[in-house]
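Below, each chain spelled out in residue letters.
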Amino acid sequence: MPGLLRGVARTAVVAGTATAVSNRVSRRQAGRWAQQSEPQQAYQQQPPAAPPAPAPAPAAAPAPGDEMSTKIEQLKQLGELKAQGLLTEQEFAAEKAKLLA
């Protein structure tokens, strides 16, 4: 009978160890998958890139003092579009150059 109990105890220890190791491996693998899927989820959650917004239309022959305030307003609008992510740095620079030219 002691041999039978020893065999049962050994089997229980082996099974318990195998279960603990299996659970640990599963948790570690799940953590790795979560880390890999975070960048993919962030990429998938981003709204699709909108086409670049057209430059604000120039005003019809403003007065000399009014022309500067119009340009400033247009530059502010361009800055807001860039801050919202609707314009890239290159698009912003190109539109800014057009306004200041």
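Scope of this entry: the structure provided in the associated data block. (Residues numbered from 1 in each chain as written. Predicted model: local features only at pLDDT ≥ 70, side-chain atom pairs only at ≥ 80, totals over all residues. Heavy atoms only, no water.)

1. Some thoughts on the packing of aromatic side chains
If you walk through the whole model with that rule in mind, you get zero aromatic pairs. In this structure, K82 is placed above the aromatic ring of F92, and the distance from its NZ or CZ to the ring centre is 5.2 Å. (Phe/Tyr/Trp six-rings, centres within 6.5 Å; stacked < 30°, edge-to-face > 60°. Lys NZ or Arg CZ within 6 Å of the ring centre and 35° of its normal.)

2. Topic: the nonpolar core
L78, L81, L87, F92 and L99 form the largest nonpolar core, which has five residues in total. Mapped onto this core, the elements with two or more residues apiece are α2 (64–83) and α3 (89–100). Apart from residues lying up to four places away in sequence, F92 is in contact with L78, G79 and K82. (Core = buried A, V, L, I, M, F, W, Y, C linked by side-chain atoms within 4.5 Å. Buried < 20%, exposed > 50% of the residue type's maximum accessible area, 1.4 Å probe, protein only. Helix = DSSP H or I, 4+ residues; strand = E, 2+ residues; numbered from the N terminus. Contact = heavy atoms within 4.5 Å.)

3. Overview of the pattern of salt bridges
Applying the stated criterion across every chain yields a total of three salt bridges. Taking the shortest distance from any N to any O, the salt bridge between K76 and E73 comes out at 3.9 Å. One end of the pair, K76, and the other, E73, are both in helix α2, three residues apart, so they sit about a helical turn from each other. Here K76 falls in the partly exposed class, since its relative accessible area comes to 48%. (Salt bridge = Lys/Arg side-chain N within 4 Å of Asp/Glu carboxyl O.)

Just geometry here; none of it tells us what the structure is for.
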